[in-house]
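Fold and geometry: a report
Here's the letter readout for the chains.
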Amino acid sequence: MKTTAVRIHGVRDLRMDQFELPPIQEDEILVKVITDSLCLSTYKVAQKGSAHKKLPDHLDETPIIMGHEFCGVIEKVGAKWQDKYKPGDKFVAQPNLGRADTYSLGYSFPYVGGESTYSIIMNEAIEKGCLLPYHGESFFEGAMAEPLSCVVAGFKANFHLRDRNDYDHTMGIKEGGNMAIVGGTGAMGSLAIDLAVHGEKRPSLLVVSGRTEAKIEHLRQLYPVEEAARNGVKLVYINTREYEDFSVPMRELTNGAGFDDVFVMAAEPTTVNQSEKLLGWDGCLNFFAGPLDAGFTAPVNFYNLHYNATHYVGTSGSNTQDMIDAVKLIEDGVVNVGKIATHIMGLNAVSDTILHFPEIPGGKKICYCQKEYPLTTVEEVGQADSSEFAGKLEEIIQRHGGIWSAEAEKYFLQNAPEIQEA
C-alpha cells in the first residue's frame, strides 16, 4: 500500500514523500492516520537531524516519518492481534516505547509516524500498550492526548515530604498548595492551567506568568479566574516583563512562603535561576521545557537545597499510563483541549510549518493527514478563503465560540480536498 508522509532526510530537510509500505506481518497493524498535532519537539529534531538522540544515523539512506501526536482508525490487523483490535476502531498512539536508546514512534522509524496517511504499528509498540483505544468524539482531541499526557506526567513526577520529620515522599503536586507556572502562555502552559484547575489534585493558589500581555489576556479568556475560583483555585496572572527579577513580586503573592510546585516552561538560564527563588520549604521545581542545547545549564542554589529541602525534577514525554489518564480526561470532558487548537492544515503544509515553528504564534497546529489545505488559523478561516466551504466552516466555528470543535472537524473531513498523489 502507498502512503504519503513527511519524512526527515537530514538537517532541516523535511519532504512530503510518497512510497510503498511493506505488507504488514502477522504481528503488525496498519493504521489510517486522521490527525497529527504538531509539536515543537519536531522542530528541534529538524534542526539537529541524526545528532538528535531519538533519531538514527544515515537519514539520507533511510528517512524517518515525523509526527508523534497522532490519532486515527485501524485499517488492517495482523493475525496475532485480531482478538484485541478490529478494523474501524479508533486509536491514539503513545510514542514512548520506554527503550534505553529513547527511540520512539514519530521520531525513529521509517514506517510509522503521525505525519502520514498510513502507518504500520510494529509488534513492539503493540506489546508495550502504545496503541490505545479511543472513544472520543473528535480525532483532533485524540491527537492532543499526547501533549496532555506530558502535563499529566509532570504533575505526577513532582514530589514532597509527607512529614517534616520523616523521609517518606508523596508523589504529585501538593494538593491545596501554591503552584507557579513560569512562562505558561504557550500551549503546554495552557494545558497545565486546565489540569490544575479541573484535575483531581488542585493547588489552592495558581500563579501563571508570562511576558506578553496579549497572550496573558488570551489565557484570561480561556481560563477565567472566576471559573478557577468555583473549583477552589485562586488563579492569578502576572506579566513579568517589567521586573528585573520576577521572583520578588511572585513570592509576594504567597505572603513570602514561596511555592510548593514550580513548573518552568522556558529553557532560559535566567528564567530557571529566578524560578528557583520561588521555591518554599520542600518546594519542587519541574524543569518542563526541553532545551535544544545539550549543554544547557543554569545556577542552582545549594543553600536552599541543603537547608530548605528544595528539589528538582524534569520529565520528557510520558508513559502509557499517563496516556491512558490523558485519554480519559479528554473523553470525560475534564480538560478541554479544543481551546488550544489554533491552526488547521493539510499534510501538504506540514514541512514548512515545522521549519518555521517558532515564528508562528498561537497554540496547537492540527494536521489533517488525509487532506490538502494551507496552514490557517481557526479564527481566520473565512478570511483566508471566500469559498462556500470556508463560509460554512466559519459558521460552525463561530457557533462554538470561535473554538475548533468536533462539528467543525466532521465538516472539514467531509468537504476539504484530499491530499493529491504525486
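Scroll up to find the structure.
Thresholds applied
Residues numbered from 1 in each chain as written. Predicted model: local features only at pLDDT ≥ 70, side-chain atom pairs only at ≥ 80, totals over all residues. Heavy atoms only, no water. Helix = DSSP H or I, 4+ residues; strand = E, 2+ residues; numbered from the N terminus. Contact = heavy atoms within 4.5 Å. Areas by Shrake-Rupley, 256 points an atom, 1.4 Å probe, with all protein chains shown as cover. Lys, Arg positive; Asp, Glu negative; His and termini not counted. Charge placed at Lys NZ, Arg CZ, Asp CG, Glu CD. 1 Å grid on protein atoms, 1.4 Å probe; cavity = no way out; pocket = protein on both sides within 12 Å on 5 of 7 lines; lining within 4 Å. Points joined across faces, edges and corners; volume = space filled by probe spheres on them. Nonpolar A, V, L, I, M, F, W, Y, C, P; charged D, E, K, R; others polar. Salt bridge = Lys/Arg side-chain N within 4 Å of Asp/Glu carboxyl O. Buried < 20%, exposed > 50% of the residue type's maximum accessible area, 1.4 Å probe, protein only. Pairing = 2+ DSSP bridges. Core = buried A, V, L, I, M, F, W, Y, C linked by side-chain atoms within 4.5 Å. Expected span 1.5 Å × (residues − 1). Polar contact = N/O pair within 3.5 Å; in protein donor to acceptor, adjacent residues only side chain to side chain. Phe/Tyr/Trp six-rings, centres within 6.5 Å; stacked < 30°, edge-to-face > 60°. Right-handed = clockwise from strand over helix to strand, strands pointing away.

Our next topic: the overall build of the protein. Across its full length, the protein carries 15 helices and 19 strands. Along the first, second and third principal axes, the C-alpha set of the protein runs to 60 × 50 × 40 Å. At a minimum sequence separation of 6, the contacts of the protein that also span at least 24 residues come to 73%. Approximately 18400 Å² of the protein is accessible, and the part contributed by carbon and sulfur atoms is 49%. Averaging the positions of the 38 positive and the 58 negative side-chain charges in the protein gives two centres separated by 2 Å.

This part is about the layout of surface pockets. Considering only enclosed or pocket space, the second largest pocket measures out at about 380 Å³ in volume. Looking at the lining of the second largest pocket, the elements that each hand over two or more residues are helix 4 (145-157) and helix 11 (320-331). In the lining of the second largest pocket, the residues fall into seven nonpolar, two polar and six charged.

Attention now moves to the pattern of salt bridges. Inspection of every chain in the model, using the stated rule, returns 17 salt bridges. Asp 322 is paired through a salt bridge with Lys 156; the nearest N and O atoms lie 2.8 Å apart. Of this pair, Asp 322 sits in helix 11 while Lys 156 sits in helix 4; the two residues are 166 residues apart in sequence, bridging distant segments of the chain. Its salt-bridge partner being Arg 220, residue Glu 213 comes within 3.1 Å of it at the nearest N-O pair. On the basis of relative accessible area, Arg 220 is assigned to the partly exposed category, the value being 31%.

Turning our eyes to something else, we now look at unusual backbone geometry. The phi dihedral of Thr 102 falls on the positive side, at around 65°, and the residue is not glycine. The residue Thr 102 is located in the loop between strand 6 (90-93) and strand 7 (118-121) in this model. Here Asn 255, not a glycine, exhibits a phi torsion of approximately 60°, which is positive. Within the secondary structure, Asn 255 is located in the loop between helix 8 (247-252) and strand 14 (259-264).

With that settled, consider the sheet that holds strand 1 (residues 2-10). In space, the three strands of this open sheet follow the order 2-1-4, with antiparallel pairing throughout. Both outer strands of the open sheet, strand 2 (13-20) and strand 4 (64-65), are each paired with one neighbouring strand and no more. The pairing of strand 1 with strand 4 spans two bridges and is antiparallel. Following the sheet pairing, Arg 7 is matched in strand 4 by Ile 65.

Take the nonpolar core next. Formed by 64 residues in total, the largest nonpolar core has its most connected members in Leu 148, Phe 155, Ile 193, Leu 206, Leu 393, Trp 404 and Phe 412. Element by element, the count of residues in this core is highest for helix 5 (residues 187-198), at seven residues. Setting aside anything within four residues of it in sequence, one finds Trp 404 in contact with Phe 140, Gly 338, Ala 341, Ile 344, Tyr 368, Val 378, Leu 393, Ile 397, Glu 409 and Phe 412. Core analysis: the second largest hydrophobic core is formed by 43 residues, Leu 14, Tyr 43, Cys 130 and Phe 357 among them.

Turning to helix 11, a few remarks are in order. For helix 11, spanning twelve residues, the distance from its first C-alpha to its last is 16 Å, which sits close to the expected 16 Å at 1.5 Å a residue. Taken residue by residue, helix 11 has Thr 320, Asp 322, Met 323, Ala 326, Val 327, Leu 329 and Ile 330 as its buried positions. Structurally, helix 11 contributes buried residues whose contacts are with strand 6, strand 8 (131-133), helix 3 (139-143), helix 4 and helix 5. Where helix 11 begins, the capping side chain belongs to Asn 319, and its oxygen is found 3.1 Å from the backbone nitrogen of Gln 321.

Tracing the backbone through its elements, the reader meets Glu 276 in helix 9 (residues 269-276). Although buried, Glu 276 forms no salt bridge, and the nearest oppositely charged side chain, Lys 277, lies 7.0 Å from it. Apart from residues lying up to four places away in sequence, Glu 276 is in contact with Leu 285, Asn 301, Asn 304 and Tyr 312.

Now for the packing of aromatic side chains. Under the criterion given, the structure shown has 13 aromatic pairs. Seen from their ring centres, Phe 155 and Phe 263 are 5.1 Å apart, and the 35° between their planes marks the pair as tilted. With a gap of 108 residues between them, Phe 155 in helix 4 and Phe 263 in strand 14 connect regions that are remote in the sequence. Judged by relative accessible area, Phe 155 falls into the buried class, the value being 8%.

On to the pairing of strand 17 (residues 341-346), then. Judged by how many residues are buried, strand 17 sits mostly within the fold: six of six residues are covered. Taken together, the five bridges between strand 17 and strand 18 (residues 364-368) define a ladder with parallel strand orientation. Bridging across to strand 18, Ala 341 finds its partner in Lys 364. Read from strand 17 through helix 12 (residues 350-355) to strand 18, the crossover connection turns out right-handed. Relative to strand 19 (residues 376-377), strand 17 runs antiparallel, the two sharing two bridges. The residue bridging His 343 from the neighbouring strand is Thr 377, located in strand 19.

Just geometry here; none of it tells us what the structure is for.
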